[in-house]
Amino acid sequence: MKELFTGILNISISAGILIIVCTLVRLIFRRMPKFVRCLMWLLVAIRLAVPFAIESPLSLLPAKEYVTVSSNDNVNKITDTEYSVEQINSLDETSTTEINNSVATENTAETNNIDVMYVLSIVWLVGVFAMLIYALVSYIRLRRLVDDAVLLRDNIYQSERAGTAFILGVIRPRIYVPYRLSLNELYMSISHEKAHISRRDHLVKPLGFIIAAVYWFNPLVWLAYILLCRDIELACDEKVIKKIGYDKKKDYSQALLNLSIPKKYISACPVAFGEVGINERIKNVLTMKKGKKIIIAVAVAICAVLAICFLTYPKKIKNNSGDVAEVQASEETAEEIEEATTEETTTETNSSENVVECFPVIGSGTITRQFSEDHQSVDIAAEEGTAIVSVYDGTVEEVGSNEEEGYYIIIKNEKGCTVKYSHLKDEPNVSKGDKVNADEEVGKVGSTGNSTGPHVHIELTDENGTLIDPMIIIEDK
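By convention here, each chain's residues receive numbers from 1 onward along its written sequence. Restriction of local features to residues with pLDDT of at least 70 applies here, the model being predicted, together with a cutoff of 80 or more for giving and counting side-chain atom pairs; totals for whole chains, interfaces and linings are based on all residues. Heavy atoms throughout the structure, all of them, feed into the side-chain values; hydrogens and water do not.

A.B. asks: Just checking my understanding: could you explain a positive patch on the surface for this structure?
C.D. replies: A surface patch of like charges, here positive, comprises Arg153, Lys194, Lys239, Lys242 and Lys243. Strands here mean DSSP runs of E at least two residues long; helices mean DSSP runs of H or I at least four residues long; both are numbered from the N terminus. Sorting elements by how many residues they give to the positive patch places helix H9 (residues 219-244) first, with three residues. Tracing the backbone through its elements, the reader meets Arg153 in strand E2 (residues 150-153). Only residues whose relative accessible area exceeds 30% and that form no salt bridge enter a patch; like-charged residues are grouped when within 9 Å of one another, and nonpolar side chains (Val, Leu, Ile, Met, Phe, Trp, Tyr) when within 5 Å. In these tables, accessible area is a Shrake-Rupley quantity obtained with a 1.4 Å probe, and a residue counts as shielded only by the protein chains included in the view. For salt bridges, the criterion is a side-chain nitrogen of Lys or Arg within 4 Å of an Asp or Glu carboxyl oxygen. The positive count covers Lys and Arg only, the negative count covers Asp and Glu only, and His and the chain ends enter neither. In plain terms, the charge of a residue is placed at NZ if it is Lys, CZ if Arg, CG if Asp and CD if Glu.

So this is what it looks like as structure tokens:
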């Protein structure tokens, strides 16, 4: 739940930047065709609805992740105590409990803290359901309001309770109009609603509301939804005027004014003739002129630029904070780094605390990241293709691959302890269920998954599934 809410927050922030930009474009380029404005809000909807994006050097977003979730789980931090392989293999429930108790004091403060992110995620979920329930209840109330409507023709119905013309329905939309309309008002309102149906606005607006409900905590999303509703109506007005003729602008404006309604009247209706922004719409209709192709082309080009710059994320810059294999050079000379990565000079570099020889990497490797609270594993960099062996006798519990870890293998011994090797060069040499012996080759060093250099990512757990420092095995060997 926390991970989902964290993802929603990150998307919300990046979409908020795009919304601000689109709002500014809307204010600056007032002559932009209104249907192009709708395309801008489509870009915002894509940013909010799609959980991933392409990386691009042209992206203007400052980052991909603005908020990260940290777990408050009671994880053992065994970094100062050394254990042999035999001790790990012989761990029983009593000894494991003693290890857990040794760090109880350190973990008590952390575990007693209120998990704020979890609480916020629950509040967010409740808010989403509340908004959707509100929309559903409003729709049902409006549907009951026009139950007694009488068929006029085709999908057009007349109702005494309707204050203006509007569309109700998604799959089979119906047009509802009030009684006692003049022929001109009836013609204008029906033309407007038919234009909405041809533009699929009766689908766009409900989908926009659902997206806004998911991001109900972000006022910028609601701003985008309100402006979308206005631009939908403006674009539909333009479409109708082009159809009935520019000489009918005054008649159309008068119909808009006569059929205007309070904003709360049709809260659940997708599109209504006199629903929003009447003053702006009338002004837009009266000043409407035939659009020039150059203006349309420029407006479309602006949308394309917005898509490239704000629907893509900046390319990742790998550093030591990620799960990557990098040789630390802050305290070593260039000569020492070269020796640490050359198999022929492994013995000479053995005095360095970061150099590992023979186990579980056959040859020499460099520890590029130690076990810590944020990185409960060890990374060992080595030449691609270097053999990796099992740290103990056991059974292959799992073999697979994914986008983050690349090729990986998990081996479990008879006591229930497991070792996981990730970022292997290719599929491991063994299969699930195979028995392996200590020092038997199980894979090769690679750089698959989320990695920028050849290395092996090693995770060690005890029989209770608690992550512990793999260095207790590496250093013992």
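A.B. asks: Help me understand the packing of H9 against helix H10 (residues 249-258), please; the structure alone is not making it clear to me.
C.D. replies: Between two packed helices, what matters for the description is the angle formed by their axes and the separation of those axes. The contact between H9 and H10 brings their axes to 10 Å, and the two run at 140°. Taken as axis vectors, H9 and H10 run oblique relative to one another. In the crossing of H9 with H10, the sense of the turn from one axis to the other is right-handed. Here Asp237, Val240, Ile241 and Ile244 of H9 lie close against H10, whose contacting residues are Lys249, Tyr252 and Leu256. Charged residues are taken to be Asp, Glu, Lys and Arg, nonpolar residues to be Ala, Val, Leu, Ile, Met, Phe, Trp, Tyr, Cys and Pro, and polar residues to be all remaining types, Gly included. Class assignment of the residues belonging to the contact of H9 with H10 gives a composition of five nonpolar, no polar and two charged. Helix axes are fitted to C-alpha atoms over the stretch in contact, other axes to C-alpha atoms as well, and angles between N-to-C directions run from 0 to 180 degrees. For classification purposes, angles smaller than 35 degrees are called roughly parallel, those larger than 145 roughly antiparallel, those between 65 and 115 roughly perpendicular, and all remaining angles oblique. Handedness of each helix crossing follows the sense of rotation of the near helix against the far helix: counterclockwise by less than a right angle gives left-handed, clockwise gives right-handed. Contacts are residue-level and defined by heavy atoms, with any inter-residue pair within 4.5 Å sufficient.

A.B. asks: I would appreciate a short explanation of the pairing of strand E3 (residues 156-159) in the present structure.
C.D. replies: Consecutive residues of a regular strand have side chains that alternate between opposite faces of the sheet. The alternating pattern of E3 places Ile156 and Gln158 on one face and Tyr157 and Ser159 on the opposite face, and all of these are buried. Strand pairing is assigned whenever DSSP identifies at least 2 bridges connecting the two strands. Bridging between E2 and E3 involves three bridges; their strand directions are antiparallel. Of the residues in E3, the one forming a bridge with Leu151 is Tyr157. Turn length for the E2-E3 hairpin, with the two strands adjacent in sequence and antiparallel, is two residues, and the turn residue Asp154 shows positive phi of about 50°. Across four bridges, the pairing between E3 and strand E5 (residues 174-178) is parallel. In the sheet register, Ser159 faces E5, and the bridge partner there is Pro178. Exposure is judged per residue with a 1.4 Å probe applied to protein chains only, and the accessible area is read against the type maximum: over 50% gives exposed, under 20% gives buried, and values in between give partly exposed.

So far we have only geometry, and geometry alone does not tell us how the molecule works.
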